[in-house]
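Structure assessment
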Amino acid sequence: MPHTDILTERKNFIGQGGGKTVCCDRDSVSGAVSQRACVYCGARVVLNPITDAYHIIHGPIGCSSYTWDIRGSLSSDDELYRNSFSTDLSEQDIVFGGAEKLTRAIDEVVAKHHPRLIFVYATCIVGVIGDDVEAVCRQAEQKYPLRCIPVKSPGFSGNKSYGYRMACEALMALIRPAPRPAGRLGVNLLGDFNLAGEIWIIRHYLEIIGIPIISTFTGDANYDTLMQSPQARLNLVQCAGSMTYLAGQMEEEFGIPFIKISFFGREDTSASLIRIAQALGDSGLIARARAFTQEQEARLLPFEQAWREGLAHKKAAIYVGGGFKAISLIRQFNAMGMETVIVGTQTGKAEDYELISQLVGPDTVILDDANPAELERFLKEKGADLLVGGVKERPLAYKLGLAFCDHNHERRHALAGYEGVRNFTREINLSLNSPVWSYMGGSI
Amino acid sequence: MLDATPKTQFKREALRINSCKTCQPVGALYAALGVHRCMPYSHGSQGCVAYHRTVLTRHYKDPMMAVSSSFTEGASVFGGKSNLTTGVKNVFDIYQPDIIAVHTTCLSEVIGDDLKAFIQDLDIPEGKYVVHSNTPSFKGSHINGYAAMMGGFINYLSQTTGQTNGKLAVFPAWSEPSDLRLLKSYLEQMGIAYTLFPDQSGVVDAPMTDHFEYFPKGGTTIEEIQGLGDCTHVLGLGEWTVPEPCAVLEKKCGTKSILLPYPIGIQNTDRLLMTLTDLTGKPVPYAIEEERGQLIDLILDQHIWTSQKSCAIFGDPDFILGVTSLVLEMGMLPKYVLTGTPGHAFPKMCQALFEAYGVEDQCQAFEFDDLFDLHQFIKNDPVDVLIGTNYGKQIARAESIPFVRAGWPVLDRYGHYLWPNIGYRGAMRFVERISGAIMDHVDAVCPDEDFDVVM
Ligand code: SF4
Ligand code: SF4
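Residues numbered from 1 in each chain as written. Chains lettered and ligands numbered in written order. Predicted model: local features only at pLDDT ≥ 70, side-chain atom pairs only at ≥ 80, totals over all residues. Heavy atoms only, no water.

Another aspect to go through is the overall build of chain B. When helices and strands are tallied, chain B shows 17 helices and 14 strands. Taken against the 2.2 N^0.38 rule, which gives 23 Å for 455 residues, the C-alpha radius of gyration of chain B at 22 Å falls within 12% of a compact globule. Each principal axis of the C-alpha distribution contributes one length, and for chain B these read about 75 × 55 × 45 Å. Burial analysis of chain B (455 residues in total) assigns 64% to the buried set. Of the contacts made within chain B by residues no fewer than 6 positions apart, 74% connect residues no fewer than 24 positions apart. As displayed, chain B has an accessible area near 16600 Å², and 51% of this comes from carbon and sulfur atoms. Across chain B, the 35 positively charged side chains and the 53 negatively charged ones have centroids separated by 5 Å. (Helix = DSSP H or I, 4+ residues; strand = E, 2+ residues; numbered from the N terminus. Rg over C-alpha atoms; globule rule 2.2 N^0.38 Å. Buried < 20%, exposed > 50% of the residue type's maximum accessible area, 1.4 Å probe, protein only. Contact = heavy atoms within 4.5 Å. Areas by Shrake-Rupley, 256 points an atom, 1.4 Å probe, with all protein chains shown as cover. Lys, Arg positive; Asp, Glu negative; His and termini not counted. Charge placed at Lys NZ, Arg CZ, Asp CG, Glu CD.)

Take a look at the structure:
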């Protein structure tokens, strides 16, 4: 028998639709099977897509080997970021300190390659053994013509959200000294990691409308493009959970305003494109954005209609990282005639949960940092047909006999923009209507 | 192209590039999954266990249960005793396992948490157990963590009553569930009473039902682990990995151990079966002998395709020692055999194999090494086939070499954990896949006039 009690400490992390909020942004409870990752993980997933950087993990081997080439971010040029660099700390280093080994590791990188940009991630034990990672990085910058940026990311210092913030600070440390000629027409796209090439889709849309993307954070980014980012006129923040902080910093220091946008789902894609044009305040751009989105929507409608029959009235559950993504997904499910019965996030913020609770019906369950027991209980109770989640949720969904779509690093197809709606719809349909379900639960 | 590896080799001491090992706790976690109704418990920050569960899930495509102490800043300064106490209570309250297997992490090791003392002070419900092992990742690798956790279970649970239970204990090195199933089928076909520990089959490869079980049917039971001290012998399969748990059991209960190579390949499987016969007096049934004959037949049929072909093998010590033995039996040349796990014994064991086939001048073995080095070796002196985990695919693609996935982890394919590597059946599968990879490559690159429907 599965045990599906809820830990008392967890009761406040669970709520319902209709405007009530849930507790969030706290640490997981000891002894819970949490789906949540650490500060380092948050920092690493944000920075890793920078394609020509050396990402050196200062710590014991595990922290680096689990994060080798897992993000699914595509590059149009350098593939360096797909390698794994670590100081692989040994017992000796723990006793005598690892700073000297880190210095040598940087020397070894410089000796053979010609790095322009190194990120050094400090993991849990580095802080505890007292290595001065900042000093090592400073010395490296003095010794060699390169940028060497420390990323303070001991896992215990908070949760994944805090890691996003540490990544943002590292990015600021990188771009702060960049030259800043007067703002040119162009935007930065923040919080898109180019999973399955999604940035390329968005770049294409914006090009048609007449808005160049100057820099992306951090999918398909490199040193040169990042250093141009302070020239942009507007920042677009996509994965709000990871990048709002950076956008705020850039506004404060460079005077670049930002707007939050989302390219998931038809509705949010169109609304976002128009809002970008509006924010840039150019009537030509606005007109082109309207024309483009209308044309795209018109082309998408017959597709949506054709698939609606197989999908309408199915019940969807959402368990994703950030609150913003959850919101877009709810809207898309509404557009497909599907009902969202569970919404959970790992790092949603209070304001996200507020909006979520307004978008869903009063019976929808809202969860923060759910564990599998809770997910299972509500998936069953609510009779969900489909779960949208990440790597850890896929097998759980299958075990419960639910269809699944990966909306995280392991997505197979681009899910952004109008193409994304098509891919998403096909993928959901594929899983929901697979013949395998008819063999479930039967015997020989 | 996906190739950031330069050809010129250079000396590296401090920098690890593209590691061929991971950390101890994931091994401890995997060992603990081989115990029935056991909840693995990571004493440290929440991040480590999230990674460990993810990598296991990516390999087995099944949910993996484990919990953590969820250290915060406070715990990293004042120690993790209260986190452990709360965590253990929560686990028993909500998930209701029969046993919790705690392993340490780098962090709890560095701050010096005394797990033994912490556990003594715990309020453990009647009939339930909490065991632990020390698994600092700045020593060894996931393989050491696996062995350490086995030792932890034995230390806490195994006893001797002074009377033998007539069973043979079998300690496998890190194994796929398919291999454990094959091992059990050999033992059962021979009519031998046994305790296999640990046994992840039925846990990590549990069948589809329409509901989710925190604790699927499989796993060695607590009673079986308690009874290890009364077993007639313990048979350790994997000369690199399991000497430690064998020694722990011998020290605690006096159970004598016999160590054998991990049974991949003809000779290693022969030795396993002969040893089983020697220990129990039970003959090897014809069905198994028949499999052996089929294997030899297969190797013979395809030998012109694989003889003299060179290969590189990388992964975990015992597993790749077995694969090395098998490819030598096939007449292949294991030019590079490389593990990330540290330990001087490994190259020596490989050397002995090379010498047995007179290829010591053409083959090299490496311990505590990484895949960046392996890639450079291959760039300078290529091989015909690459055998190893999914991380070999970057090298295979960059160098256009046929690639056979084997070992742990394999994150980019489905179903591999259902088919054996060990025994005659496992060897057949290897032979089929190795020759198949070589021939697929020929088919893909040969000129039209050489493209043949019969090969
Ligand atoms: S800190 Fe240690 S235990 Fe945790 S993931 Fe890193 S190497 Fe593994
Ligand atoms: S040691 Fe710390 S940084 Fe590394 S994985 Fe564990 S929690 Fe994260």
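Additional details are given in the paragraphs that follow.
Now for the overall build of chain A. On a plain count of helices and strands, chain A comes out with 17 helices and 14 strands. Relative to a compact globule of 444 residues, whose C-alpha radius of gyration would be 22 Å, chain A shows 22 Å and is just as compact. For chain A, the spread of C-alpha atoms along the three principal axes comes to 65 × 60 × 40 Å. Across the 444 residues in chain A, those meeting the buried criterion constitute 64%. Restricting to contacts in chain A with at least 6 residues of sequence separation, those with at least 24 account for 73%. When the accessible area of chain A is evaluated, it comes to approximately 15600 Å², of which 50% is carbon and sulfur surface. For chain A, the distance from the average position of its 45 positive side-chain charges to the average position of its 51 negative side-chain charges is 3 Å.

Read across the sheet, five strands follow the order 5(A)-4(A)-2(A)-3(A)-1(B) without closing on themselves; strand pairing throughout is mixed. Unpaired on one side and paired on the other, strand 5 (147–152) of chain A together with strand 1 (16–17) of chain B mark the two borders of the sheet. With six bridges connecting them, strand 4 (residues 117–122) of chain A and strand 5 of chain A associate as parallel partners. By the bridge assignment for strand 5 of chain A, Ile-118 of chain A is matched with Cys-148 of chain A. Lying on the sheet, helix 7 (residues 160–175) of chain A is in contact with strand 4 and strand 5 of chain A; it crosses strand 5 of chain A at an angle near 160 degrees. (Pairing = 2+ DSSP bridges. Axes fitted to C-alpha atoms, helices over the stretch in contact; angles between N-to-C directions.)

This paragraph deals with the packing of helix 7 of chain A against helix 10 (residues 240–254) of chain A. Residues and elements named next belong to chain A. Between helix 7 and helix 10, whose axes approach to 8 Å, the crossing angle comes to 35 degrees. For the crossing formed where helix 7 meets helix 10, the hand is right-handed. Judged by residue contacts, Tyr-164, Arg-165, Cys-168, Glu-169, Leu-171, Met-172 and Ile-175 of helix 7 engage Gly-241, Ser-242, Met-243, Tyr-245, Leu-246, Gln-249, Met-250, Glu-253 and Phe-254 from helix 10. Across the contact of helix 7 with helix 10, the residue classes tally to ten nonpolar, three polar and three charged. (Left-handed = near helix turned anticlockwise from the far one by under 90°. Nonpolar A, V, L, I, M, F, W, Y, C, P; charged D, E, K, R; others polar.)

This paragraph deals with the site of ligand 2. Residues in close proximity to ligand 2 include Cys-38, Tyr-40, Cys-63, Thr-123, Cys-124 and Gly-155 of chain A together with Ser-45, Gly-47, Cys-48 and Tyr-51 of chain B, which together make up its full environment. Around ligand 2, the nearby residues trace back to chains A and B. At three residues, the largest contribution of residues to the shell around ligand 2 is made by helix 2 (residues 46–60) of chain B. Class assignment for the residues of the shell around ligand 2 results in six nonpolar, four polar and no charged. (Near = heavy atom within 4 Å.)

With that settled, consider the packing of aromatic side chains. Following the criterion strictly, the structure yields 25 aromatic pairs over all chains and no others. Consider the rings of Phe-303 of chain A and Trp-307 of chain A, whose centres lie 5.6 Å apart with planes at 40 degrees: the pair is tilted. Taken together, the residues Phe-303 of chain A and Trp-307 of chain A, both in helix 12 (residues 283–311) and four residues apart, mark about one turn of the helix. On the accessibility criterion, Phe-303 of chain A (13% relative accessible area) is buried. A residue is classified by how much of its surface remains accessible, and Trp-307 of chain A, at 24% relative accessible area, is partly exposed. With centroids separated by 5.0 Å and ring planes inclined at 50 degrees, the aromatic side chains of Tyr-95 of chain B and Tyr-214 of chain B adopt a geometry described as tilted. With Tyr-95 of chain B in the loop between helix 4 (81–94) and strand 4 (99–104) and Tyr-214 of chain B in the loop between strand 7 (194–196) and helix 9 (222–226), the pair connects residues that are 119 residues apart, well separated along the chain. Take Tyr-95 of chain B: its relative accessible area is 0%, and that puts it in the buried class. Taken together, Tyr-30, Tyr-60, Tyr-146, Trp-174, Trp-408 and Tyr-417 of chain B form an aromatic cluster joined through their ring pairs. The ring of Tyr-121 of chain A has Arg-44 of chain A lying over it, and the distance from NZ or CZ to the ring centre is 5.7 Å. Positioned above the aromatic ring of Phe-368 of chain B is the side chain of Arg-16 of chain B, whose terminal nitrogen or guanidinium carbon lies 4.7 Å from the ring centre. (Phe/Tyr/Trp six-rings, centres within 6.5 Å; stacked < 30°, edge-to-face > 60°. Lys NZ or Arg CZ within 6 Å of the ring centre and 35° of its normal.)

So, about the side chain of Thr-269 of chain A. With respect to the helices, strands and loops of the structure, Thr-269 of chain A is situated in helix 11 (residues 266–280). A distance of 3.2 Å separates a polar atom in the side chain of Thr-269 of chain A from the backbone oxygen of Phe-263 of chain A. (Polar contact = N/O pair within 3.5 Å; in protein donor to acceptor, adjacent residues only side chain to side chain.)

Moving on, we come to the packing of helix 8 (residues 198–209) of chain A against helix 17 (residues 417–432) of chain A. Residues and elements named next belong to chain A. In contact at an axis separation of 8 Å, helix 8 and helix 17 are set at 140 degrees when each is read in the N-to-C sense. In terms of orientation, helix 8 lies oblique with respect to helix 17. Across from Ile-201, Ile-202 and Tyr-205 in helix 8, the residues of helix 17 making contact are Gly-417, Tyr-418 and Glu-419. Looking at the contact of helix 8 with helix 17 residue by residue, the classes come out as four nonpolar, one polar and one charged. (Parallel < 35°, antiparallel > 145°, perpendicular 65-115°, else oblique.)

Averaged over all residues, the pLDDT of chain B is 95; the fraction at 70 or higher stands at 99%. For this predicted complex, the interface confidence score (ipTM) comes to 0.91, while the overall pTM stands at 0.93. (pLDDT = per-residue confidence, 0-100.)

The full set of residues close to ligand 1 is Pro-60, Gly-62 and Cys-63 of chain A together with Cys-23, Pro-25, Cys-48, His-52, Thr-105, Cys-106 and Ser-137 of chain B. Looking at the residues close to ligand 1, they fall on chains A and B. Among the secondary structure elements, those contributing two or more residues to the shell around ligand 1 are helix 2 (61–65) of chain A together with helix 2 of chain B. Taken together, the residues of the shell around ligand 1 break down into six nonpolar, four polar and no charged.

The next thing to look at is the pairing of strand 10 (residues 310–314) of chain B. In summary, the side chains of a regular strand alternate between the two faces of the sheet. Residues and elements named next belong to chain B. The buried count for strand 10 comes to five of five residues, which makes it a mostly enclosed element. Of the two faces of strand 10, the one lined by Ser-310, Ala-312 and Phe-314 and the one lined by Cys-311 and Ile-313 are each fully buried. Both strand 10 and strand 11 (residues 333–338) contribute to a ladder of five bridges, which runs parallel. Across the sheet, the residue bridging to Ser-310 is Leu-333, located in strand 11. Each parallel crossover has a hand, and the one from strand 10 via helix 13 (residues 317–329) to strand 11 is right-handed. Alignment of strand 10 against strand 13 (residues 385–388), held across three bridges, turns out to be parallel. (Right-handed = clockwise from strand over helix to strand, strands pointing away.)

Here the focus is the interface of chain A and chain B. The interface of chain A with chain B comprises 76 residues on the first partner and 75 residues on the second. A combined buried area of about 6300 Å² lies between chain A and chain B, and 61% of that area is made up of carbon and sulfur atoms. Contact with chain B buries surface across chain A, with Tyr-66, Trp-68 and Lys-399 of chain A losing the most and accounting together for 14% of the total. Where chain A meets chain B, there are five salt bridges. Here Lys-21 of chain B ties to Asp-88 of chain A by a salt bridge, and the two come within 3.0 Å at their closest N and O atoms. Between chain A and chain B we count 21 residue pairs in polar contact (both at pLDDT 80 or more) in total. Contributing elements (two or more residues each) for the side of chain A that touches chain B: helix 1 (39–47), helix 2, strand 3 (85–86), helix 3 (91–96), helix 4 (99–112), helix 5 (124–129), helix 15 (372–381) and helix 16 (393–399) of chain A. With six residues, helix 4 of chain A is the largest single contributor of residues to the side of chain A that touches chain B. (Buried area = accessible area lost by both parts, 1.4 Å probe. Salt bridge = Lys/Arg side-chain N within 4 Å of Asp/Glu carboxyl O.)

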